[in-house]
Amino acid sequence: MAVPTDNGLAERVRRLATGLGDAGQRLVTAESCTGGWVAKVCTDQPGSSAWFEEGLVTYSNAAKQARLAVPAETLARHGAVSAATAEAMARGAQAGIAGRVAVATTGVAGPGGGTADKPVGLVWFAWGLPKGQVVSEAVTFKGDRDAIRHQSVVHALDGLLMRFPTA
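Residues numbered from 1 in each chain as written. Predicted model: local features only at pLDDT ≥ 70, side-chain atom pairs only at ≥ 80, totals over all residues. Heavy atoms only, no water.

(A) Structural context of the side chain of serine 152. Residue placement: serine 152 occurs in helix α6 (residues 145-163). Classification of serine 152 as buried rests on a relative accessible area of 0%. (Helix = DSSP H or I, 4+ residues; strand = E, 2+ residues; numbered from the N terminus. Buried < 20%, exposed > 50% of the residue type's maximum accessible area, 1.4 Å probe, protein only.)

(B) Spatial organisation of the pattern of salt bridges. On inspection of all chains with the given rule, the structure shows five salt bridges. Among the salt bridges present, the one from aspartate 44 reaches lysine 40, with a minimum N-O distance of 2.9 Å. One salt bridge in this structure joins glutamate 53 and arginine 100, with 3.9 Å as the shortest N-O distance. Placement of the pair is glutamate 53 in strand β2 (residues 52-57) and arginine 100 in strand β3 (residues 100-107), with a sequence separation of 47 residues. Residue classification places glutamate 53 among the partly exposed residues on the basis of a relative accessible area of 36%. Overlapping salt bridges, with partners in common, bring together Arg26, Glu53, Glu54 and Arg100 in one network. (Salt bridge = Lys/Arg side-chain N within 4 Å of Asp/Glu carboxyl O.)

(C) Highlighting the pairing of strand β1 (residues 26-31). Burial runs high along β1: five of the six residues are buried. In this sheet, β3 lies alongside β1 in parallel orientation, the contact comprising six bridges. Within the sheet, the bridge partner assigned to leucine 27 lies in β3 and is valine 101. Bridge count for β1 against β2 is five bridges, and the pairing is parallel. (Pairing = 2+ DSSP bridges.)

(D) Structural detail: the environment of glycine 19. Position of glycine 19 among the secondary structure elements: in helix α1 (residues 9-23). The class of glycine 19 is buried, set by a relative accessible area of 4%. Distance in space between the C-alpha atoms of glycine 19 and cysteine 42 is 14 Å, their sequence separation being 23 residues.

Printed below as a string of structure tokens:
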């Protein structure tokens, strides 16, 4: 599947880059189900080194704990696909460093792994914004694995654009 550029996403990412740069902010991604795809879309943009800090792919629970300081209790109590985990991923990506804006994704991309409570297509997003705010949202997407991941990338970036005050 092609890198998501539908509906002018590349242009919206450029607008986000301008907003981040103008505000002295840098973006970091904490990805699970999207496997680095959000970071790829961002770093496809010329000049992204001016506003993109890093991308972390923390697919396993152990990686979420080691790289993003997601508490073991959060994973045990809520699971990897949850608001609590997505929010902890975003906070971990910001790591208390001023000037970082974060987006986190964690979900069930399929084709297997879904349950009645967490069906295939369920993705939790969290956005770590300036001044320490973290907001999360769940969306259940339809389609095969690539379609679910593609929609997740678009939603993650669109959500950041909606929530970042200067973008």
